[in-house]
Amino acid sequence: MDRVLTFVNSDRAYVRWGTVLLALLAGGLLWEVVGLQFNQAIMAPLIGDGVDHPGTLPRLGRYLFDDPEYLLSLLQSIQLFATGFGLALLIALPFGIILARLVMLRVALESYILMLYVTPMIALIPFILSILGFDFWPKVLVVYLFAFFPILYNTLEGARSVKPEMLEVAKSFRSSEFAIWTDILIPYTLPFALTGIRQAAGRALVGMVAAEFFLSTSGLGEELQTASRNFDMAGVLATILVITGLGISFMKIAGVFEQKYSAWRGLDR
Amino acid sequence: MTTDALTQPADSRSMGSLLSNIFWGTSLRAKVTAGILILLVWQVGVTLFAPSFVATPIGVALAFPGVVTSKVFLIASKGTLLAVFQGLAIALVFGTVVGVAMGRMKVFDRALNFYVSGFYTMPMIALLPLLTIWFGYGGDARLATVIFAAFFSIVINVRDGARSVPPEYLEVCKAYRAKARYVWFDITVFASLPYLIAGFRLAAGRALVAAVIAEFFVSLQDGVGMFVLFNARNFNHDVAVVGVVALVAFGLMFEITMNWTTRRFFPWYRRETKAD
């Protein structure tokens, strides 16, 4: 028993990769067996037999490579995400850095930003729906709200960490306002802002799907709803995979930047 | 910092110092002035530019006492809170077991890491159609969503905690030939409590959001989410805002309870939970 445990926990390359591969295989097999057991309206298998039990992977392949309409929905979703997220970036980052510069404003607004940061933005969707109605821009607003506060809140954390001594030294050497921004404020707040951006990417994706569910349906949210109304589980699962893939790639991209600049955080934290 | 961005305890860092920042921050006067200004802009802006059904601070304040004591609202809060607590309890028990297993045994970590970080990143809202078909359009679907939202953040944090048990403890265990179950449940779980608490905080926030999303999607009558949706649809925005305020209050109440529990029962962990 002990020897088995030592073996499976050892760091040899083939044990490591073997475990990962076996786990993936086992997961896939379980999915396949469960999918074949149940009616196709309840669960779809991974590969499937194509007749009574349409598989998820074949469907995913058809969606991505052989279905222009689906690709259009995907693009629609990405467009919604990019618009909302980009607007949140454009507004939250400069605002956060301004708060780093104007200490009084930061102190005054901090609590309210924190409160909005913990507010479940999903609860605001009904208001947006009944005030702004069904259009592209209300949906953008939803994504924007989901992304804005994590970015602003984390930038604010960074703003709080800017040492006043630095600003004083810059001031006593008559440094220009531009130099203060580019050499002190932005380098100091950037790593924190990037943490916020990674968080915001995850939240904005939830916002995107929520907006497409509860406001005018469009994009991937619409595909998901249509498939689930038709009890087409293969379609539902394939769309979930697409959405998860989007989420993982957005967060990976943001994570790469975060890693790159994380060394800029002071050691005093 | 961990190497993989996906497995970091996402927003757990800030939650500890959050309350103290809200209530005991410096310069009370600036805060109060800013608060009054915000409310004033809201009130004036809505009365001047928005249709009359949009909520105003005065309207919300007038509606507040009536709503908080009304039966519909109390039933709704009870439903949401009960689902969140049940889901959190279930996720906590199973999440701790899985997390400790992953942190202590490399084989579990390698086998499950793909699934755990995949499901952690998966937006729970995308799973809702699936969960409603499996669990029906009722309270069960909401409970399942809450569990799903809470489980993986607890697993990830407990795993990080179980990995960072001080090696001296484990050496002592080895020297005295302690059985595996003592190492797991008497040493590892307690040594990783700060991480567990951080994960639980994060999970609680996600669980509340999950409950609200599920209520929207399922149109569950006994939920605060549905209360907000129903009143917003009927253009009773003042009443609906009270529901949103209640949701924020639930989150803050949970934070207060967690802070108090940590201070009361684990005073030696306070510093760590605050720092990270």
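Residues numbered from 1 in each chain as written. Chains lettered and ligands numbered in written order. Predicted model: local features only at pLDDT ≥ 70, side-chain atom pairs only at ≥ 80, totals over all residues.

### Observations regarding the overall build of chain A
Next up, step 1: Looking only at helices and strands, chain A features 11 helices and zero strands.
Next up, step 2: Along chain A, from the amino end to the carboxyl end, the secondary structure elements read α-α-α-α-α-α-α-α-α-α-α.
Next up, step 3: Here the C-alpha radius of gyration of chain A, 24 Å, is well above what a compact globule of 269 residues would show, namely 18 Å.
Next up, step 4: When its C-alpha atoms are laid out on the principal axes, chain A stretches across 75 × 60 × 30 Å. (Helix = DSSP H or I, 4+ residues; strand = E, 2+ residues; numbered from the N terminus. Rg over C-alpha atoms; globule rule 2.2 N^0.38 Å.)

### Section: the domain arrangement of chain A
Next up, step 1: In terms of domain boundaries, chain A breaks down into domain 1 (1-37) and domain 2 (63-264).
Next up, step 2: With centres defined by C-alpha atoms, the gap from domain 1 of chain A to domain 2 of chain A works out at 37 Å. (Domains from an automatic or database assignment.)

### A few points about the environment of Met-208 of chain A
Residue and element names in this part refer to chain A.
Next up, step 1: With respect to the secondary-structure elements, Met-208 resides in helix 9 (residues 177-214).
Next up, step 2: A count of 32 C-beta atoms within 10 Å places Met-208 in the buried class.
Next up, step 3: Considering only alpha carbons, one finds Met-208 and Phe-85, 123 residues apart in sequence, at a separation of 9.8 Å. (Buried ≥ 20, exposed ≤ 12 C-beta atoms within 10 Å, placed from the backbone.)

### Here's the deal with the interface of chain B and chain A
Next up, step 1: Each side of the interface is counted separately: chain B has 56 residues, and chain A has 54 residues.
Next up, step 2: Looking at the side of chain B that touches chain A, the elements with two or more residues in it are helix 1 (12-24), helix 2 (28-49), helix 5 (106-121), helix 6 (124-135), helix 10 (193-218), helix 11 (224-233) and helix 12 (237-265) of chain B.
Next up, step 3: At nine residues, helix 5 of chain B tops the list of elements feeding residues into the side of chain B that touches chain A. (Contact = placed C-beta atoms within 7 Å.)

### Considering the environment of Leu-80 of chain A
All names here are of chain A.
Next up, step 1: Position of Leu-80 relative to the elements: it lies in helix 4 (residues 68-101).
Next up, step 2: Sequence separation between Leu-80 and Val-209 is 129 residues; the distance between their C-alpha atoms is 9.9 Å.
Next up, step 3: Not counting residues within four places of it along the chain, the set of residues in contact with Leu-80 comprises Lys-139, Val-140, Val-143, Met-208, Ala-211 and Gly-219.

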